[in-house]
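Here is what each chain is made of, one letter per residue.
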Amino acid sequence: MAENGNGNVATENGNGLGKIHTKKNHNGICHDDSGPTVKASTIDELHSLQKKKSAPTTPISGNSTPFATLTDEERQKMQLQSISASLASLTRETGPKVVKGDPAKSQKVAHVTHHHHISTPTIAVSDSALKFTHVLYNLSPAELYEQAIKYEKGSFVTSSGALATLSGAKTGRSPRDKRVVKDAVTESELWWGKGSPNIEMDEQTFLVNRERAVDYLNSLDKVFVNDQFLNWDPENRIKVRIVSARAYHSLFMHNMCIRPSPEELENFGTPDFTIYNAGKFPCNRFTHYMTSSTSIDLNLARREMVILGTQYAGEMKKGLFSVMHYLMPKRNILSLHSGSNMGKDGDVALFFGLSGTGKTTLSTDHNRYLIGDDEHCWTENGVSNIEGGCYAKCIDLSREKEPDIWNAIRFGTVLENVVFDEHTREVDYTDKSVTENTRAAYPIEYIPNAKLPCVGPHPKNVILLACDAFGVLPPVSKLSLAQTMYHFISGYTALVAGTEDGIKEPQATFSACFGAAFIMLHPTKYAAMLAEKMETHGATGWLVNTGWSGGSYGTGNRIKLNYTRKIIDAIHNGSLLEAEYKKSEIFGLETPTSVEGVPSEILDPVNAWSDKDSYNETLLKLAGLFKKNFETFTNYKIGTGNDNLTEEILAAGPNF
Ligand SMILES: Nc1ncnc2c1ncn2[C@@H]1O[C@H](COP(=O)(O)OP(=O)(O)O)[C@@H](O)[C@H]1O
Ligand SMILES: C=C(OP(=O)(O)O)C(=O)O
Ligand SMILES: [Ca+2]
Ligand SMILES: [Mn+2]
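What counts and what doesn't
- Residues numbered from 1 in each chain as written.
- Chains lettered and ligands numbered in written order.
- Predicted model: local features only at pLDDT ≥ 70, side-chain atom pairs only at ≥ 80, totals over all residues.
- Heavy atoms only, no water.
- UniProt positions renumbered as here; feature names shortened; annotations may be inferred.
- Salt bridge = Lys/Arg side-chain N within 4 Å of Asp/Glu carboxyl O.
- Helix = DSSP H or I, 4+ residues; strand = E, 2+ residues; numbered from the N terminus.
- Buried < 20%, exposed > 50% of the residue type's maximum accessible area, 1.4 Å probe, protein only.
- Pairing = 2+ DSSP bridges.
- Near = heavy atom within 4 Å.
- Polar contact = N/O pair within 3.5 Å; in protein donor to acceptor, adjacent residues only side chain to side chain.
- Areas by Shrake-Rupley, 256 points an atom, 1.4 Å probe, with all protein chains shown as cover.
- Nonpolar A, V, L, I, M, F, W, Y, C, P; charged D, E, K, R; others polar.
- Contact = heavy atoms within 4.5 Å.
- Axes fitted to C-alpha atoms, helices over the stretch in contact; angles between N-to-C directions.

With an unreviewed UniProt entry as reference, the protein is termed phosphoenolpyruvate carboxykinase (ATP), source organism Trifolium subterraneum. According to the UniProt record, the Catalytic activity (unreviewed entry) comment for the protein reads "oxaloacetate + ATP = phosphoenolpyruvate + ADP + CO2".

Enquirer: Outline the pattern of salt bridges, listing residues and values.
Expert: For the coordinates displayed, the defined rule picks out 19 salt bridges. Where D227 meets R241, a salt bridge forms, and the shortest distance between an N and an O atom there is 2.7 Å. In this pair, D227 is assigned in strand 8 (residues 222-230) and R241 in strand 9 (residues 238-244), connecting sequence segments 14 residues apart. Here the two residues D227 and R241 agree in accessibility, since each one is buried.

Enquirer: Now, about the sheet that holds strand 19 (residues 389-393): what can you tell me, with residues and values included?
Expert: The 5 strands lie next to each other as 4-5-20-23-19, forming an open sheet whose pairing is mixed. The sheet terminates laterally at strand 4 (156-157) and strand 19, the two strands that pair on one side only. The pairing of strand 5 (residues 163-165) with strand 20 (residues 414-416) spans 3 bridges and is parallel. Bridge pairing in strand 20 links L163 to V414.

Enquirer: Outline the site of ligand 2, listing residues and values.
Expert: Near ligand 2, the surroundings consist of R173, Y312, K317, K318, H337, S355, K359, D374, Y391 and R439. At 2.4 Å, a side-chain N or O of S355 approaches an oxygen atom of ligand 2. Between D374 and ligand 2, the recorded distance is 3.4 Å, taken from a side-chain N or O atom to an oxygen atom. Protein chains shield 95% of the accessible area of ligand 2, which is 290 Å² for the free molecule. For the shell around ligand 2, the residue count by class is 2 nonpolar, 2 polar and 6 charged.

Enquirer: Now, about the sheet that holds strand 13 (residues 334-336): what can you tell me, with residues and values included?
Expert: The 4 strands lie next to each other as 13-17-18-24, forming an open sheet whose pairing is antiparallel. Sheet topology places strand 13 and strand 24 (455-456) at the edges, where each strand pairs with a single neighbour. Here strand 18 (residues 382-385) runs beside strand 24; their pairing, made up of 2 bridges, is antiparallel. Note that in strand 24 the partner of S384 across the bridge is V455. Here helix 8 (residues 314-330) sits on the sheet in contact with strand 13 and strand 17 (376-379), set at roughly 160° to strand 13.

Next comes the structure, spelled out in structure tokens:
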């Protein structure tokens, strides 16, 4: 035990009783606590010492900003006015009275703003105009933990320090409840109709839902407001504001969006896009266009999104991703549903794939720099991550197989819908009691080799991930440009039937651009941009099956993560480009005969199947599904330049 300075050393403290002088105590049984006493005469005073004001931020220099001359108070007032305007009801034409801080804490009502256009109250003013809406503005993770634990049932600190939360009845996205406002502009610009994720709603209905969300939020004692950024490319940065009812949602977005510095926050101004997350409150099913009590509504003209009836946090991040899929192509920037990482030599890889195919797992690679796990932009300067955090699936997560993700689950991380020991608070990642879609959301810098800022040069390798539960696609194949486009537009993966009795058949899913749920324009628009960029920068396309081998789901096994990692290593280090290849039947895929660290027998899938007839049958079945899916695209021309490309793409699919 370290010497604590007690014992016979008496300190003078002036007020209070004189010290009892004791002999230095060697058996540690009896001693007076004679360290210096606190500088407080009451308990309240003592508590007031505990928290100090944040250190002042660097004064803003230069005259480039109109805020430079503002006093702190004026700046605060403008900020509150902006928030009040965001929360303004459209029917009452007035914003709520907003005040900063937790209503539970008694405090001076220093910054009150009543943003209004009508100065005298009229009969139209409802009771809600008389109350304050307390705003918890860009709280820190620690503050959000306290809010969540105190007020949100189902919030707990886990043994590693993460915040475990429940997302409620919805534990995944609700794509069928997503609506996009169809107006004169979006009618011609967006992709509508069969296969499109954009289900229309009219402006009026949007306003009805917006009002419902805003009224709900204003009826609360307090709302959380996050002002943050999207996109690490400084020229194409988007300012987003998220208004939400739960600390869980605020912490989730704190982690997932780019966190502004205090200076950037002071100069934030008006957001480019606003989310109203009233997910705790349902939409009204009698409202036109509504088919359930959940509605996620996007209005591009108003630059707003409204969420009603779902608390699944992923809805916000993927909603913003949809917005980027609209805004970026307008600037000739390609938005990508992909992970991205970079080697020591600056070689960048993209990992496309649908949910659960391995974007997050494989882009998080201890030997490479992580640029991002899910959403990127490809400009003429290279790639940039859209987000400031990662959102990893954590079902069956293990420390040894995915150490970087495991270690990222610590203080500040949101852990959704996991099950933990009620006493030790240790998480059981194998437990699917709440959902199989358990998730961890953490800031990207929680990954030790994150590339900050999250940008990189032009990609060298474009890896398409497919989790083939039929077990017939090779673990890896090298693709021609036309094949890359064919598979990019197809966006194949297979979902396993799950644990339900009797269902043995995997379900093939085709999701254009590996993200049909989020794209806003016709898939061929994105495909044309990808083709042009890959050609210009000489990127190689690869198809990697992270799914089954040696038989379909039920008979075969999922390809070992370790083997997939070896395959990815061989792509990154260039050795796979040099390998010997043979062409597969039906799909015409070039498959290598050997990859370091991977048993050669599995590289040609037929070898791993004991029942060859069954293999052939399954292969033909999948090929048929590909063909049928691609029929919708056969009448579209890809791009404007190379006329042959469309022909080549059509010929790059399965042949039988
Ligand atoms: N061979 C494999 N390759 C990639 N992921 C695998 C493999 N085998 C099992 N997995 C698991 O599949 C899941 C992939 O999910 P994730 O990386 O979050 O996908 P995405 O980011 O594309 O949604 C992870 O839980 C991972 O551990
Ligand atoms: C968050 C999601 O993305 P992913 O599964 O691709 O990580 C999602 O699809 O809800
Ligand atoms: Ca995993
Ligand atoms: Mn992911």
